[in-house]
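Architecture and fold: a report
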Amino acid sequence: MITHKWWKEGIIYQIYPQSFYDSNGDGIGDLQGIIRKLDYIKSLGVDIIWLNPIYASPLDDNGYDISDYRAINPIYGTMGDFDEMLAEMHKRGLRLLMDLVVNHSSDEHKWFKESRKSKNNPYRDYYYWRKGKNGGPPNNWPAVFGGSVWEYDRTTSEYYLHYFSKKQPDLNWENPKVRQEVIDIIRWWLDKGIDGFRLDVISMISKDLVFPDATGENFGEMYTRYFCNGPRVHEFIREVHDKSLKDYNVMTVGEGPAITKEAGNDYTGQNRGELNMIFPLDLMSADWGPDGRFDPGITDRRKIKSFFREWNEALGDDGWMSVFLDNHDSPRMVSRFGNDTTYRTESAKLLLTLLLTLRGTPSIHYGSEIGMTNASFDSIDQYKDIESLNFYSEAIKNGMSDHEAIRRIQISGRDNVRTPMQWDDRNHGGFTTDTPWLESNPNYKSINVEMEESDDSGILSFFRQMVAFRKSHKTLSYGSFTDLDPDHPHVFHYQRKDADAQFIIILNMSDHTTSYAINQAGAHLSICNYTEAGKREELRPWEARIYLTAI
Ligand code: TEU
Ligand code: CA
């Protein structure tokens with residue numbers, strides 16, 4: 001029997017703070033901006049807000065490089081603004097999930113500034129320092145954002161480890177003092193009354209201390225084999241849980257590459273004493289080629305189906321996952337999995353139907369409730385993300401044309417999902433009165449909240465309807481998930497079922513009208529993303545239907 005929990009029934013709305021709403025006209029979204037939009041968020045029917053990092057940070061990786069875990073970055077406001085925001089959320093019954101990034105800190109954190117000073121500094125062991133090998137770095141691992149994972153530091157003639165940028169040195173979790181710091185930080189925020197954490201790259205916190213050279217593998221394999229799921233990862237998470245999380249009624253979502261289906265319950269099984277759920281990332285990289293993100297291909301629809309089917313089987317009733325089709329690291333869902341031109345409305349609604357009828361806690365990235373699309377900027381000057389900028393300069397150095405490098409960034413780059421929220425058709429989509437830190441998608445004139453608010457058959461109305469539908473049928477949270485047609489190349493046909501109800505969901509993930517046999521005698525069509533009635537056994541392009549059968 002599956003246990004019922006508030007966080008299994010919740011729906012997460014993700015806010016990228018820099019891009020949500022700018023209250024003071026400096027081009028950067030901020031906490032007061034979020035406060036002003038809380039009524040909007042509440043009106044969606046969602047109940048958990050996940051904020052990307054807002055701590056003090058030099059923003060080398062937009063906040064995933066924290067220089068003070070107990071301070072708010074002044075570009076977003078003050079701690080007073082934070083307290084006000086939290087109180088305003090709670091007043092509306094909204095819960096707050098903070099992003100905790102403790103695999104690494106910023107190189108501008110006090111700990112690292114001390115650590116690099118000398119080999120016998122008390123903070124030296126807060127990070128991984130190693131001697132070089134044969135005149136080069138200690139091993140051949142590549143960093144996620146390019147170059148080696150090792151950076152040479154002249155002061156002490158040693159290298160420090162950084163899985164991401166060189167301004168994100170990895171914290172040494174082998175050191176019990178580091179673990180205690182993390183526990184103290186968690187307790188400090190939980191005592192403030194926040195409702196949980198998303199734990200960034202939690203699968204990376206334990207390292208293979210031999211740091212063996214990697215041989216022959218492509219990037220994805222290398223990640224899995226060497227970077228993630230280290231020997232002490234579960235021990236570390238359990239220690240954190242036992243000394244902090246377990247004393248509070250809060251939720252945790254673990255994020256991190258290479259958490260395989262087989263390992264999912266090791267992180268989230270109900271008796272593990274670790275995390276409540278994970279964000280499985282394999283669907284987000286399903287279309288990557290051997291060279292990773294900027295080597296994109298096409299996602300086979302069957303891969304999307306097998307992803308959900310296999311994860312459901314693997315977790316069973318023991319563990320739990322959060323389901324999502326986009327986030328701040330991946331392209332917009334309608335651009336990636338749908339059709340963001342001819343069938344933008346239909347395919348956006350279909351994807352929302354999918355998201356809200358899956359088993360797992362749904363998480364939606366701001367703007368996807370109105371069908372916002374990829375940014376598709378043409379010039380490298382318009383991009384801001386360190387990952388795209390580093391890829392671009394390396395690619396050009398290696399002889400790739402500007403045209404090809406930009407084409408790849410247009411498909412896969414993370415700025416695609418970080419453009420300012422499109423509130424209305426005024427300048428910059430009403431996000432700011434100044435110049436936004438990242439350009440708005442010029443399509444804000446035709447895609448924005450204000451227009452959607454006045455359209456009963458728009459994407460936003462459909463989203464609200466779907467959220468309400470999920471909330472009123474617990475079967476959609478807890479019921480079993482069965483894929484009824486795994487082999488069809490583009491129709492998804494699955495069942496959600498428990499003792500109270502049975503839902504049949506049918507989704508035509510294609511631009512083509514498709515004949516499809518629907519043998520649901522007595523089934524009642526509860527939701528459809530087309531307003532006009534269609535033919536029973538013919539699915540229109542991107543048509544989504546939900547049938548309900550009483551049990
Ligand atoms: O991302 C971790 C992660 O899985 C990376 O592989 C990420 O997908 C990246 O885009 C690689 O292509 C988390 C955060 O979500 C991300 O924003 C951070 O940049 C990263 O950790 C480092 O903290
Ligand atoms: Ca601002």
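Higher on the page you've got the structure.
Residues numbered from 1 in each chain as written. Chains lettered and ligands numbered in written order. Predicted model: local features only at pLDDT ≥ 70, side-chain atom pairs only at ≥ 80, totals over all residues. Heavy atoms only, no water.

1. Points about the pattern of salt bridges
For the structure on display, the rule yields 46 salt bridges. With a shortest N-O distance of 3.8 Å, K119 and E158 are connected by a salt bridge. Of the two residues, K119 is situated in the loop between α5 (110-115) and β6 (129-130) and E158 in strand β8 (residues 158-161); the sequence distance between them amounts to 39 residues. Since its relative accessible area comes to 49%, K119 is described here as partly exposed. Classification of E158 by relative accessible area gives buried; the value is 8%. When the shortest N-O distance is used, the salt bridge between D483 and R309 registers 2.8 Å. Separated by 174 residues along the polypeptide, D483 in strand β16 (residues 480-483) and R309 in helix α10 (residues 301-315) bring together distant segments of the chain. As far as the burial class goes, D483 and R309 line up, both buried. It is possible to trace a salt-bridge network through shared partners that takes in D61, R293, D329, D385, E387, R414 and R418. (Salt bridge = Lys/Arg side-chain N within 4 Å of Asp/Glu carboxyl O. Helix = DSSP H or I, 4+ residues; strand = E, 2+ residues; numbered from the N terminus. Buried < 20%, exposed > 50% of the residue type's maximum accessible area, 1.4 Å probe, protein only.)

2. Some points on unusual backbone geometry
Notably, S157 is not glycine yet its phi reads approximately 55°, a positive angle. Relative to the helices and strands, S157 resides in the loop between β7 (150-153) and β8. Phi is positive for V201, close to 30°, though the residue is something other than glycine. Looking at the secondary structure, you find V201 in the loop between β9 (196-199) and α7 (219-227). On the basis of relative accessibility, which here comes to 4%, the residue V201 falls in the buried class.

3. Focus on the site of ligand 1
Around ligand 1, 20 residues are found, and the nearest of them are D61, D200, R293, D329 and E387. One nitrogen or oxygen atom from the side chain of H328 is found 2.8 Å from an oxygen atom belonging to ligand 1. The separation between an oxygen atom of ligand 1 and a polar side-chain atom of D329 is 2.5 Å. For ligand 1, whose free accessible area comes to 480 Å², the fraction covered by protein is 96%. Among the residues forming the shell around ligand 1, the class breakdown is nine nonpolar, two polar and nine charged. (Near = heavy atom within 4 Å. Polar contact = N/O pair within 3.5 Å; in protein donor to acceptor, adjacent residues only side chain to side chain. Areas by Shrake-Rupley, 256 points an atom, 1.4 Å probe, with all protein chains shown as cover. Nonpolar A, V, L, I, M, F, W, Y, C, P; charged D, E, K, R; others polar.)

4. Some remarks on the sheet that holds strand β10 (residues 251-255)
In space, the eight strands of this open sheet follow the order β11-β10-β9-β5-β2-β1-β15-β14, with parallel pairing throughout. Where the open sheet ends on each side, the last strands, each with one partner, are β11 (277-279) and β14 (322-323). Summarising the sheet, strand β5 (residues 95-100) and β9 pair through four bridges and their orientation is parallel. Looking at the pairing, L97 lines up with G196 of β9. The sheet contacts of helix α4 (residues 79-91) involve β2 (48-51) and β5, and relative to β5 the element is tilted by about 135°. (Pairing = 2+ DSSP bridges. Contact = heavy atoms within 4.5 Å. Axes fitted to C-alpha atoms, helices over the stretch in contact; angles between N-to-C directions.)

5. Some thoughts on the nonpolar core
Nonpolar side chains in soluble globular proteins tend to be buried together. Y13, Y40, I41, F82, L96, F197 and F308 are the most contacted members of the largest nonpolar core, which totals 144 residues. Residue contributions to this core reach at least three from each of two domains, namely domain 1 (110-161) and domain 2 (479-549). Once residues within four sequence positions are removed from consideration, F82 is found in contact with L31, I54, I72, L96, M98, W189, K192 and I194. Membership of the second largest hydrophobic core comes to 22 residues, among which are W141, M204, F211 and C228. (Core = buried A, V, L, I, M, F, W, Y, C linked by side-chain atoms within 4.5 Å. Domains from an automatic or database assignment.)

Just distances and angles here, no functional claims.
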